[in-house]
Amino acid sequence: MKRVLYNWDEKRDSLKVSVGIVAYNEEKNLPRILEDVVKQTYPHEQMEVVLVDSRSEDSTRDLMQKFAQEYKEEFFNIQVVDNPKRRQSCGWNHAIRAFTTEVLIRVDAHSSIPPEFVAGNVAALEEGEMVTGGVRPNIVEEESPWQQVLLTAESSMFGSSAAGFRREGKKAYVKSFFHGAYRREVFEKAGVFREDLGRTEDNEFHYRLRQNGFRLCMVPGIISYQMIRPDLGKMCRQKCANGYWIGLTVGVCPGCLSLYHFVPFVFVCGILFTSLLAWLSYPQLAVLMWSLYWLLAVGMALLAVKGQKKYPGHLLLPVLFFLLHVSYGTGTLAGLVKMPFWRRSVKGAKFF
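Only a predicted model underlies this, so the values are computations on that prediction, with no experimental measurement involved.

Reading the values: rules and limits
Residues numbered from 1 in each chain as written. Predicted model: local features only at pLDDT ≥ 70, side-chain atom pairs only at ≥ 80, totals over all residues. Heavy atoms only, no water. Patch = residues over 30% accessible without salt bridge, like charges linked within 9 Å, V, L, I, M, F, W, Y side chains within 5 Å. Areas by Shrake-Rupley, 256 points an atom, 1.4 Å probe, with all protein chains shown as cover. Salt bridge = Lys/Arg side-chain N within 4 Å of Asp/Glu carboxyl O. Helix = DSSP H or I, 4+ residues; strand = E, 2+ residues; numbered from the N terminus. Buried < 20%, exposed > 50% of the residue type's maximum accessible area, 1.4 Å probe, protein only. Core = buried A, V, L, I, M, F, W, Y, C linked by side-chain atoms within 4.5 Å. Contact = heavy atoms within 4.5 Å. Axes fitted to C-alpha atoms, helices over the stretch in contact; angles between N-to-C directions. Parallel < 35°, antiparallel > 145°, perpendicular 65-115°, else oblique. Left-handed = near helix turned anticlockwise from the far one by under 90°. Nonpolar A, V, L, I, M, F, W, Y, C, P; charged D, E, K, R; others polar. Pairing = 2+ DSSP bridges.

**Q** Explanation requested: a nonpolar patch on the surface in the structure shown.
**A** A cluster of nonpolar residues, W146, W294, L316, V319 and L323, forms a patch on the protein surface that exposes about 390 Å² of accessible area. Structurally, the position occupied by L323 is in helix α11 (residues 317-346).

Here it is as structure tokens:
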């Protein structure tokens, strides 16, 4: 993918921006993303860094404090903020209340940003946009054949999702994206993140932005990377948790979700329904469903590895797809079952 590089004349007046990072037990990944921040081509004297620690039990906070001390003369301001509730949505609200500039750029601790990331967002904002972002491909934490196989599964449209922020490379106004740059007026008008949501706080927040008249501009050339979970167990647990929060969110903001969020749930329901029919001596529908699914899984696996370096583990891609789908769908089912009870506990919660 072609990147657009932005060159800045340090003598000109540039927009002051804040880069926010919320982290919990990220001692392994935090140094990498902090190094990415230091490498930004945007003038550092125009950058504030807001680091939010969610009561980490490792050395995450110490790394933040060390960064603040080491680079206090390079950036115009560095803050280390506490997030006592630990939930990520709460952490972002602390960052929103703490940042002091015109713009907050949200960056995940489990990610990587290229040197022109901040400059690219600022360029788009200075052209009149209020919220900007870009595509978000996946990368691995460590190079190994198995992680490359997991990366192929996660990056596949069949294994992950059709969400535009994962792969589109043209300017478009979208429903949501991974990393975003937000002008202060956005928070003043639309509010902050719902703290009773986990995993889906982005969906609800961006939905509320659109309801308040803001457009989310995906800009060509802006790119950031999310690291996949390093093993299959963690990846399946992540998918299950994502699905679980999809199920809960149906009860408070169904409009922020898309149909593709529920495809794994429909698949799991199909498994249960056809298995019941097979047990009642009507196996035809089960045979048809499984035949179509495995044909599609094999076909999508072949498409996913096209043009890539091949590993023996790629033979397991259809099985990996199945495990990811079942994990996500089962999580959604569990969330939907719990949703009526959970909704009563958060009824009336507002973050405006």
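So that's the structure; there's more coming.
**Q** Just to check I follow, could you spell out the pattern of salt bridges for this structure?
**A** Close approach of charged atoms allows side chains with opposite charge to pair. The final tally for this structure, using the stated rule, is 13 salt bridges. Here E195 ties to R97 by a salt bridge, and the two come within 3.9 Å at their closest N and O atoms. Of this pair, E195 sits in the loop between α6 (184-190) and α7 (201-211) while R97 sits in helix α3 (residues 88-98), placing them 98 residues apart in sequence. For R97, a relative accessible area of 55% corresponds to the exposed category. Several salt bridges share partner residues, and in doing so they unite K28, E141 and E142 into one network.

**Q** How do you make sense of the environment of Q40 when you look at a structure like this?
**A** With respect to the element layout, Q40 can be found in the loop between α1 (30-38) and β2 (47-53). Look at Q40 and you get buried, because its relative accessible area is 4%. For the pair Q40 and V118, spaced 78 residues apart in sequence, the C-alpha to C-alpha distance is 6.7 Å.

**Q** Just to check I follow, could you spell out the nonpolar core for this structure?
**A** V17, I21 and V118 are the most contacted members of the largest nonpolar core, which has 34 residues in total. Among the elements of the structure, β1 (17-23), α1, β2, α2 (60-70), β4 (103-108), α4 (117-126) and β10 (216-223) are those that each provide at least two residues to this core. By residue number, the principal contributor to this core is α4, which donates six residues. Sequence-distant contacts of V17, defined by excluding residues within four places in its chain, comprise Y42, Q46, M47, E48, F76, T101, V103, I105, V118 and V122. Membership of the second largest hydrophobic core comes to 28 residues, among which are I96, L104, V135 and L209.

**Q** Explain the packing of helix α5 (residues 145-155) against α11 to me, please; I cannot follow it from the model alone.
**A** Packed helix pairs are specified by the crossing angle of their axes together with the interaxial distance, meaning the distance between the axes. Taken N-terminus to C-terminus, the directions of α5 and α11 make an angle of 60°; their axes are 10 Å apart at the nearest point. Looking at the two axes, α5 sits oblique to α11. Crossing geometry of α5 relative to α11 is assigned as right-handed. When α5 is examined against α11, the residues W146, V149, L150, T152 and A153 are found in contact with a partner set consisting of L317, L320, F321 and L324. For the contact of α5 with α11, the per-class residue count stands at eight nonpolar, one polar and no charged.

**Q** How should the sheet that holds β1 be read in this particular structure?
**A** For sheets, the rule is that strands pair by backbone hydrogen bonds, running either parallel or antiparallel. A sheet is described by the order of its strands in space; here eight strands give the open sequence β3-β2-β1-β4-β9-β6-β10-β8, paired in mixed fashion. The open sheet has two free edges, formed respectively by β3 (77-82) and β8 (172-174), since each of these has just one partner strand. Taking each pair of neighbouring strands and ignoring which way they run, the sheet shows an average axis angle of 30°. Where β1 and β2 come together, seven bridges link them in parallel fashion. For A23, the partnering residue across the bridge sits in β2 and is D53. Of the strands in this sheet, β1, β2 and β3 are in contact with α2, which crosses β3 at around 160°.

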